[in-house]
Each structure stands twice: as C-alpha cells, then as structure tokens.
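# Fold and geometry: a report
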Amino acid sequence: MVGDCYYLSSESAASEVSSRVKNMFITDYTPQGMIVVRAIVLGVPTYITLDDTLAFYKSMPSTLAFSRPESSTNPSIYTAFLEKAWIKANGNVDTVEGGWIGEVMQFFAGTPTVTYWVKYNDATASLADWNRVNSADQVNWVMIAGTYSDSLNCTNSYTKIGLVCSHAYTILSTHNVSDAAGKSYLLYKIRNPWGSDD
C-alpha cells in the first residue's frame, strides 16, 4: 500500500462532483490500450499518456494494489488511472509516499487552496471552525481534513474517537443534530480513504 492518503482523500473529495475528475480524461480507452489524462503540472496543462496496466496484489490477483473502486456495485476504475497519472507525474511510486493535499488539487485543476491549521482538545472543533466548513460544504467546495502526527495529540485526542494519526480524510458533509434531551451536536461526516466505511 502506498502512503498517499493525502492523494486519495483529495481524489475522493474532488469526485463528489464526478465531472471534476472525469473531465480530466481526454480519451476513452483506446484499442491500443492507451489513456490520456490532462492535469496541471507546475502550473502548466500537461497531457499524461498511460498504458492500461494496473498493479494487482500477487496474493489477491483480483484486487488492485493501490486506488480501487469503492465497491463491487460501482466498479469504475478511473480513480486507479488518475492515481497512476499522479505517480507518473511525480516520477515513481516511492516519490508519492507522503505529501500535501494542495499539491493534488493543483494537479487536478490548478485550483487555489486554503489551509487552516487547528489543534483541537479531545477532537472538539470550535463553532467558528464548524461554521467555516459548513459554509464551504453548502457551495460544494472540495474539503479534506488531516490529523497531526505528534504522539501526545494522537494518543489523547484522535485514537480514542477512531481517527488515525498523521492521516488525511475527505470531509463529506456537516450536520447539526440533537439528542433526545435536545442537546445539539455539530458533526462532520468524513471518509477514510483506506477504510471501508464512512
């Protein structure tokens, strides 16, 4: 498994509006087994030509080794080819181990990105943070979150609520819910790019 959660969470977020990612494909699959993807590399529109081979696990020959379809009922493999284009643009699979979300968004569309660095106590966000994310969610912005890697925050905040340290997640939506007593909770629905559930 490649350590490119930053890439996978970005691709997942961008794919919430499928045309954002599908429009990167300049050609459909050709009889010669070639696929052309348009990306932005160092600020320049670049056409990346790929062959139709993908890596599979030796022990599980029907399972893609890297990015794979979200389910057997949605078997689209365009995500695997986009990841292959990302790897090719960066040189090889070793060079994409760890990275920045903003780099991926530049690659997809040349879009500017905004990063907010916030440390939470017990994974609790402020109302201002939730409102900022909620406003972005309402206008379909691509949103990704990440966790810090320092061991103190990791142990005290993230792992006890099921998050992984030094990891990226797709923010799918925001929710304001109330319990039976009427207490309100401001929640984020997130997707782990390496998990099987949201």
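Before any of the text, the structure's been laid out above.
The structure presented is a predicted model; accordingly, all values stated were derived computationally and were not measured.

## Let's talk about unusual backbone geometry
- Its identity as a non-glycine residue notwithstanding, L42 has a phi of 55 degrees, on the positive side.
- For L42, the location among the structural elements is in the loop between strand 1 (34–41) and strand 2 (44–51).
- Not every positive phi belongs to a glycine, and N140 is a case in point at roughly 65 degrees.
- Of note, N140 is situated in the loop between helix 5 (127–138) and strand 3 (144–146).
- A residue is classified by how much of its surface remains accessible, and N140, at 43% relative accessible area, is partly exposed.

## Some words on the nonpolar core
- Judged by nonpolar contacts, the single largest core of 23 residues is most densely connected at Y7, V37, L82, F107 and F108.
- Elements with a minimum of two residues in this core: helix 1 (5–14), strand 1, strand 2, helix 3 (78–89) and helix 4 (101–109).
- When residues of this core are assigned to their parent elements, the largest contribution, six residues, is made by helix 3.
- Excluding its chain neighbours within four sequence positions, the residues that come into contact with F107 are M24, A39, I40, V41, I48, L82, A85, W86 and A89.
- Core analysis: the second largest hydrophobic core is formed by five residues, Y158, L163, C165 and Y169 among them.

## Side note on the pattern of salt bridges
- Under the defined criterion, the tally for this structure stands at two salt bridges.
- Among the ionic pairs, K84 bridges to D51, the shortest N-O distance being 2.4 Å. Highlighted residues: K84 in helix 3 and D51 in strand 2, separated in sequence by 33 residues.
- For D129, the salt bridge goes to R132, with nearest N and O atoms at 3.3 Å. Pair noted here: D129 and R132 are both in helix 5, with a separation of three residues, about one helical turn.
- With relative accessibility at 35%, the residue R132 sits in the partly exposed group.

## Quick notes on the pairing of strand 1
- Where strand 1 and strand 2 come together, eight bridges link them in antiparallel fashion. Opposite V41, over in strand 2, you have V44 as the bridge partner.
- As consecutive antiparallel partners, strand 1 and strand 2 are separated by two residues, and within that stretch L42 has a phi angle of approximately 55 degrees, a positive value.

## Focus: the packing of helix 1 against helix 3
- Two numbers describe how helix 1 lies on helix 3: the axes approach to 11 Å, and their chain directions differ by 135 degrees. Looking at the two axes, helix 1 sits oblique to helix 3. Handedness of the crossing formed by helix 1 with helix 3: right-handed. Along its contact with helix 1, which presents Y6, Y7, L8 and E11, the element helix 3 presents T79, L82, E83 and W86.
- Its residues assigned to classes, the contact of helix 1 with helix 3 comprises five nonpolar, one polar and two charged.

## Some words on the sheet that holds strand 5 (residues 184–191)
- Spatially, the three strands line up as an open sheet ordered 3-4-5, and their pairing is antiparallel. What marks the edges here is a single partner per strand, and that holds for strand 3 and strand 5. On average, each strand axis in the sheet is tilted by 50 degrees relative to the strand beside it, whichever way the strands run.
- Pairing between strand 4 (residues 168–178) and strand 5: eight bridges, direction antiparallel. Bridge assignment links S173 to a residue of strand 5, and that residue is K189.
- Running over the sheet, helix 5 touches strand 4 and strand 5 and is turned about 105 degrees from strand 4.

About the criteria used
Residues numbered from 1 in each chain as written. Predicted model: local features only at pLDDT ≥ 70, side-chain atom pairs only at ≥ 80, totals over all residues. Heavy atoms only, no water. Helix = DSSP H or I, 4+ residues; strand = E, 2+ residues; numbered from the N terminus. Buried < 20%, exposed > 50% of the residue type's maximum accessible area, 1.4 Å probe, protein only. Core = buried A, V, L, I, M, F, W, Y, C linked by side-chain atoms within 4.5 Å. Contact = heavy atoms within 4.5 Å. Salt bridge = Lys/Arg side-chain N within 4 Å of Asp/Glu carboxyl O. Pairing = 2+ DSSP bridges. Axes fitted to C-alpha atoms, helices over the stretch in contact; angles between N-to-C directions. Parallel < 35°, antiparallel > 145°, perpendicular 65-115°, else oblique. Left-handed = near helix turned anticlockwise from the far one by under 90°. Nonpolar A, V, L, I, M, F, W, Y, C, P; charged D, E, K, R; others polar.

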